[in-house]
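Spelled out, the chains give:
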Amino acid sequence: MNFIMNTKNTTNYKMFSILPMNREIRSEHVEKLVKSIRTMGIIRPVIICKTNVIEGEMKNYIVDGQHLATACEREKLPVPYVSIKCESEIDIVEQMGMLNNSSKSWALIDYVNAYKFCFMDYMKLLKFKNLYNLELNMVAALCTNNYSIIKNSQTIKTGDFIITNGKAAQMCKEFSEIFLMINNVSRSVKFSFLNAFMQSYGKINQKTVVSNLRKYLKQIKLISDNTEASNYIKAKVFNLKK
């Protein structure tokens, strides 16, 4: 990360602009920072980037610390800030991702909302999530035909996510039908359904799956062991053999 290492301070709060790909400012987060500032002071600077790649004119965009800058303004305190160099929109999002990943303040959906301004596949990923009301990791798995939550999360965070499954939209639609029926089961069981759905897709008719699910859902809910539930789902709902 290319820092311009001198920390500066300002009470000119209007000099800072908010990036459209950053998270919305949350009042509860600002409240926590205000309490922290009153107790311990300001322990880190705001990170900014002066660039014209966003709106065509030079502005000082906050890459990290927009909640801190808001808290400082609320307390009428100088904002400490450090500048970094960013050469493109993708560069800005990558810097945002690295800074927020190290502080663990970003959820996976925050990376999607940031990268959607740069990559169409992130926009489609978000569209499928919202359209079918599925968990983000489920949609990512269906879009890539890869069940690995860890791998999909990593590629989303690094800006490398690509939709490689040409049937992703149809699969999301069909799995959402199943997802609505299993709303009250545990998260692990939901992912067992996803795994079995992906393994069986194209091998069994969707109407048969739905019919089987109606028949065996009550029994599935009674199974407490995750492995047993997973095997039962594969065999009874999706007609998968061991």
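The rules behind these values
Residues numbered from 1 in each chain as written. Predicted model: local features only at pLDDT ≥ 70, side-chain atom pairs only at ≥ 80, totals over all residues. Heavy atoms only, no water. Phe/Tyr/Trp six-rings, centres within 6.5 Å; stacked < 30°, edge-to-face > 60°. Buried < 20%, exposed > 50% of the residue type's maximum accessible area, 1.4 Å probe, protein only. Core = buried A, V, L, I, M, F, W, Y, C linked by side-chain atoms within 4.5 Å. Contact = heavy atoms within 4.5 Å. Helix = DSSP H or I, 4+ residues; strand = E, 2+ residues; numbered from the N terminus.

Caption draft 1: Spatial organisation of the packing of aromatic side chains. As enumerated under the stated definition, the model contains 11 aromatic pairs in all. Summarising the aromatic geometry, the rings of Tyr115 and Tyr122 are spaced 5.1 Å apart at their centres and angled 35° between planes, so their arrangement reads as tilted. For Tyr115, a relative accessible area of 1% gives the class buried. Look at Tyr122 and you get buried, because its relative accessible area is 0%. Members of the aromatic cluster, each reached through a chain of ring pairs, are Tyr115, Phe119, Tyr122 and Phe161.

Caption draft 2: Region of the structure containing the nonpolar core. Core analysis: the largest hydrophobic core is formed by 64 residues, its most contacted members being Phe175, Phe193 and Phe238. Other than its neighbours up to four places away in sequence, Phe238 contacts Ile178, Phe193, Ala196, Phe197, Ser200, Ile204, Val209 and Ile233. Judged by nonpolar contacts, the second largest core, of 16 residues, contains Tyr13, Val30, Val34 and Val46.

Caption draft 3: Up close: helix α2 (residues 66–74). Among all positions in α2, only Gln66, His67, Leu68, Ala69, Ala71 and Cys72 are buried. As for α2, its buried residues are in contact with β2 (16–18), α1 (27–40), β3 (46–51), β4 (59–64) and β5 (79–84). Taken from the residues just after α2, Lys76 is the one with a positive phi, measuring 60°.

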